[in-house]
Amino acid sequence: FQRFYEESGGIVRLVDVAPEQPGGLDFVEKASQLCTVSIAHTTADYDQAKAAFDKGVTHATHLFNAMSGLHHRDPGVVGAVFDDSRVYAELICDGFHIHPAALRTAFQVLGDRALVISDSMRANGMPEGEPFDLGGQMVTVREGKATLADGTIAGSVSNLHQEVKNLVRFGIPLEQAVKAASLIPARSIGLEEEIGSIAPGKRADLVVLDEHLDIVA
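Rules used throughout
- Residues numbered from 1 in each chain as written.
- Predicted model: local features only at pLDDT ≥ 70, side-chain atom pairs only at ≥ 80, totals over all residues.
- Heavy atoms only, no water.
- Core = buried A, V, L, I, M, F, W, Y, C linked by side-chain atoms within 4.5 Å.
- Buried < 20%, exposed > 50% of the residue type's maximum accessible area, 1.4 Å probe, protein only.
- Helix = DSSP H or I, 4+ residues; strand = E, 2+ residues; numbered from the N terminus.
- Contact = heavy atoms within 4.5 Å.
- Polar contact = N/O pair within 3.5 Å; in protein donor to acceptor, adjacent residues only side chain to side chain.

(A) Layout of the nonpolar core. Among the nonpolar cores identified, the biggest contains 39 residues, and Leu63, Val81, Leu91, Phe107 and Leu110 are the most heavily contacted of them. Here this core takes 5 residues from helix α4 (residues 76-82), the largest share from any one element. Among residues more than four places away in sequence, those in contact with Leu91 are Leu63, Phe64, Ile98, Leu103, Ala106, Phe107, Leu110, Ala114, Leu115, Val116, Ile117 and Glu163. Listed in part, the 9 residues of the second largest apolar core include Phe132, Val139, Leu148 and Ala154.

Structure representation (structure tokens):
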């Protein structure tokens, strides 16, 4: 990974790992010296997740999805993330991957550690009902929901703008929703000084919304 990182010119900002796999913690310890390391697609339990955080994981890829969930006697990765202020957590806010009540809870617990992602895949913007290949598996989109043939949710066909609107509709304060889709993601990968908010010297990536949160310019 270090060789790849150097050959890429250091543009890698985040790498995912399932820390319970052989060599996982050693990878975390070394890779975290180069970029943000995220726990992802993992069967780790609470203790394994906490061990990964101690080694350098500071990020969780799409919290709740593809990981061990929260149970009062078995907190899992979700419980470990809730319990550790060092770790940022991605949330897919399309209304399908996570129930609005769970999103509200996550935002209350995580505060400025919650960040919005789309997890959008190649079917985004394409006509619904036509199957698409995703890593060798066929995905079909119906009524905005992307699923595999057995009904399992695949990636999303949402975008950050729609997810901010969703969050406000679900009861998340507008300021928190916007911050979670802009400044917090930038902060989590070390780009806070370049992007994520409106400030002198930062890149002027601006979106103007109206009172209905629709894009004006």
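So much for the structure itself; the text now carries on.
(B) Examining unusual backbone geometry more closely. The phi torsion at His41 lies on the positive side, around 40 degrees, for a residue other than glycine. Positionally, His41 belongs in the loop between β2 (36-39) and α3 (46-55). With a phi angle near 60 degrees, Ala66 is a residue other than glycine that sits in the positive phi range. Along the chain, Ala66 turns up in the loop between β3 (59-60) and α4. Exposure remark for Ala66: the relative accessible area of 38% places this residue in the partly exposed category.

(C) Quick peek at the side chain of His59. Inspection of the secondary structure assignment puts His59 in strand β3. A residue is classified by how much of its surface remains accessible, and His59, at 1% relative accessible area, is buried. Within the structure, His59 has its side chain in polar contact with the side chain of Glu90 (distance 2.8 Å). Leaving out residues up to four positions away in the same chain, His59 has contacts with Leu14, Thr36, Val37, Ser38, Ile39, Val87, Tyr88, Glu90, Leu115 and Ser188.

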